[in-house]
Amino acid sequence: MPSANPAGTPLPPRPTVKGTYRATAHLAAILAVFTDPARNQQWNTALSTQSDVITAPAQNRLSLQVYALPWPLADREFLLKCHHHADHTTPTFRSSCAPVADASVPVGDDRVRGQLHYSEWVFTALSDGGTRIDFESTIDPMGDLPKWVVSAGQQLGKNKLVVALLDLQQRLGLPPLKEYADWGSKGGTAAADATEVGE
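Everything quoted here is computed from the prediction, not taken from an experiment. (Residues numbered from 1 in each chain as written. Predicted model: local features only at pLDDT ≥ 70, side-chain atom pairs only at ≥ 80, totals over all residues. Heavy atoms only, no water.)

(A) Representation of the overall build of the chain within the structure. Within the chain one finds three helices and nine strands. Of the regular secondary structure in the chain, the N- to C-terminal order runs β-α-α-β-β-β-β-β-β-β-α-β. Carbon and sulfur atoms provide 55% of the accessible area of the chain, an area that totals close to 11,100 Å². (Helix = DSSP H or I, 4+ residues; strand = E, 2+ residues; numbered from the N terminus. Areas by Shrake-Rupley, 256 points an atom, 1.4 Å probe, with all protein chains shown as cover.)

Put into structure tokens, the structure is as follows:
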């Protein structure tokens, strides 16, 4: 049921994307691509630009992401603070992003600043050398969008992002990150395939 604002008017549902996948690639090989912000646009094709923003006087390092939408819709931008957390005992690598409000970073011309309410990627090394990938994201585009735009975004997040990430890892052939090379089994391959599984 849609939530309601203080005046009692129902608010539009926030697009949410979530899924769980089983990849044959080793976690250390996948993270070699995933943890490199310079490669985000190579596997997230909906991302038009991404830039680091250093705010003053706190000197916080934020990420400004812009997603282009077809005319006459205004492009959406998101100002985010992202964190990585590695748990060697699980073994799990988590990456989460949250929205940031900062008056020193004005909204770009002809854009709308959306709100990323929740976003998390969880990579878990499996004993057979593969990787479990859990992804969930909820956004508020801050304005009505056509249903086909929302549907396209949900489909991109639901499966294409994971497949594109693994395909890029295979094409680039980057060396696995050494700090995660001993997670799970070393027998895992770098094959770029992913199978969606149940929760």
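(B) Molecular detail of the packing of aromatic side chains. One pass over the full model with this rule turns up ten aromatic pairs. Ring geometry for Trp-43 and Trp-121: centres 5.7 Å apart, planes at 90°, overall edge-to-face. Of the two residues, Trp-43 sits in helix H2 (residues 40-43) while Trp-121 sits in strand E7 (residues 115-125), which places them 78 residues apart along the sequence. Of the two residues examined, Trp-43 and Trp-121, each falls in the buried class. Residues Trp-121 and Phe-135 carry aromatic rings whose centres are separated by 4.4 Å and whose planes lie at 40° to one another, so their mutual orientation is tilted. Taken as a pair, Trp-121 in strand E7 and Phe-135 in strand E8 (residues 131-140) lie far apart in primary sequence, 14 residues in all. For the residue pair Trp-121 and Phe-135, the accessibility class agrees, reading buried in each case. In textbook terms, an aromatic cluster arises when at least three aromatic residues are bridged by ring pairs, as seen for Phe-34, Trp-43, Phe-93, Trp-121, Phe-123, Phe-135, Tyr-180 and Trp-183. (Phe/Tyr/Trp six-rings, centres within 6.5 Å; stacked < 30°, edge-to-face > 60°. Buried < 20%, exposed > 50% of the residue type's maximum accessible area, 1.4 Å probe, protein only.)

(C) Representation of the state of the cysteines. Enumeration over the complete set of coordinates arrives at one disulfide. At a sulfur-sulfur separation of 2.0 Å, the disulfide partner of Cys-82 is Cys-97. Residues Cys-82 and Cys-97 are joined through a disulfide that is right-handed, its torsion about the S-S bond being 105°. Of the two residues, Cys-82 is situated in strand E4 (residues 75-87) and Cys-97 in strand E5 (residues 92-99); the sequence distance between them amounts to 15 residues. Under the relative-accessibility criterion, Cys-97 is labelled buried at 17%. (Disulfide = S-S within 2.5 Å.)

(D) Representation of the environment of Asp-102 within the structure. Tracing the backbone through its elements, the reader meets Asp-102 in the loop between E5 and strand E6 (111-113). Residues within four places of Asp-102 in sequence aside, it is in contact with Thr-55, Leu-62, Leu-79 and Arg-113. (Contact = heavy atoms within 4.5 Å.)

(E) Broad picture of the pairing of E8. Here strand E1 (residues 16-23) runs beside E8; their pairing, made up of eight bridges, is antiparallel. Of the residues in E8, the one forming a bridge with Val-17 is Ser-137. Pairing between E7 and E8: ten bridges, direction antiparallel. Its bridge partner being in E8, Tyr-118 is matched across the sheet by Thr-138. Where E7 hands over to E8, the hairpin turn is made up of five residues, of which Gly-129 adopts a positive phi near 95°. (Pairing = 2+ DSSP bridges.)

(F) Quick look at the nonpolar core. Ranked by internal contacts, the top residues of the largest apolar core, which has 24 residues, are Ile-30, Phe-34, Trp-43, Trp-121, Phe-123, Ile-133 and Leu-165. Of all the secondary structure elements, the ones that give two or more residues to this core are E1, helix H1 (27-34), E7, E8 and helix H3 (147-172). For Ile-133, the residues in contact, after removing those within four places along its chain, are Gly-19, Thr-20, Tyr-21, Ala-23, Ile-30, Trp-121, Val-122, Phe-123 and Val-162. Counting five residues, the second largest nonpolar core, distinct from the first, contains Val-53, Leu-62, Leu-79 and Val-105. (Core = buried A, V, L, I, M, F, W, Y, C linked by side-chain atoms within 4.5 Å.)

(G) View of the pattern of salt bridges. All chains considered together, the criterion is met by seven salt bridges. Salt-bridge contacts for Asp-52 lead to Arg-61; the nearest nitrogen and oxygen are separated by 3.2 Å. The pair Asp-52 / Arg-61 is uniform in exposure class, with both members exposed. Among the ionic pairs, Arg-94 bridges to Glu-120, the shortest N-O distance being 3.4 Å. Separated by 26 residues along the polypeptide, Arg-94 in strand E5 and Glu-120 in strand E7 bring together distant segments of the chain. (Salt bridge = Lys/Arg side-chain N within 4 Å of Asp/Glu carboxyl O.)

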